[in-house]
Amino acid sequence: MPFAAPPADPRAHARRAVCLTGRILCADGAAECAVVNVSAGGARLRAAGDFAAGLEVRLELPACGGLPAVVVWAREGELGLRFTGDPAEVACALIGLATYG
């Protein structure tokens, strides 16, 4: 009996599970966050606060600087970001985080 292949991940960039702390900056202020996973295209975070889809933010990470992003989804203390910068530049910043963070 053949086994079905697992569904393909539709994301353009591979995500990596991480355990990082950072800050989300937006026009209304800042909030501490925990980064659950990250890729050159975006990140999944845990954070307290009101974040709505479409909100423009900046994710500040140690040894990585700030990454401009937009909130794609938010529910029950978690949110998904899509980085709005050039994916190659984001990847370079994340390499710095992996190397020096």
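Residues numbered from 1 in each chain as written. Predicted model: local features only at pLDDT ≥ 70, side-chain atom pairs only at ≥ 80, totals over all residues. Heavy atoms only, no water.

Let's talk about the nonpolar core
Reasoning step 1: Grouped together as the largest cluster of nonpolar side chains are 22 residues, with contacts concentrated most on Ile24, Leu45, Leu59, Leu67, Leu79, Leu81 and Phe83.
Reasoning step 2: Secondary-structure elements contributing two or more residues to this core are strand 2 (29-38), strand 3 (42-46), strand 4 (56-61), strand 5 (65-75), strand 6 (78-83) and helix 1 (87-100).
Reasoning step 3: No other element matches strand 2, which puts four residues into this core.
Reasoning step 4: Among all residues touching leucine 79, those that are not within four sequence positions of it are Ile24, Ala43, Arg44, Leu45, Ala47, Phe51, Val71, Trp73 and Ala74. (Core = buried A, V, L, I, M, F, W, Y, C linked by side-chain atoms within 4.5 Å. Buried < 20%, exposed > 50% of the residue type's maximum accessible area, 1.4 Å probe, protein only. Helix = DSSP H or I, 4+ residues; strand = E, 2+ residues; numbered from the N terminus. Contact = heavy atoms within 4.5 Å.)

Brief notes about the environment of arginine 44
Reasoning step 1: Position of arginine 44 among the secondary structure elements: in strand 3.
Reasoning step 2: Using a relative accessible area of 32% as the deciding quantity, one classes arginine 44 as partly exposed.
Reasoning step 3: The spatial distance from the C-alpha of arginine 44 to the C-alpha of valine 71 is 9.8 Å, given a sequence separation of 27 residues.

Points about the sheet that holds strand 2
Reasoning step 1: Around the barrel, which closes on itself, the six strands sit in the order 1-2-3-6-5-4 with antiparallel pairing between neighbours. When the angles between neighbouring strand axes are averaged without regard to direction, this sheet yields 45°.
Reasoning step 2: One ladder, built from six bridges, connects strand 5 with strand 6; its direction is antiparallel. Bridge pairing in strand 6 places alanine 69 opposite phenylalanine 83. (Pairing = 2+ DSSP bridges. Axes fitted to C-alpha atoms, helices over the stretch in contact; angles between N-to-C directions.)

Keep in mind these numbers describe shape, not what the thing actually does.
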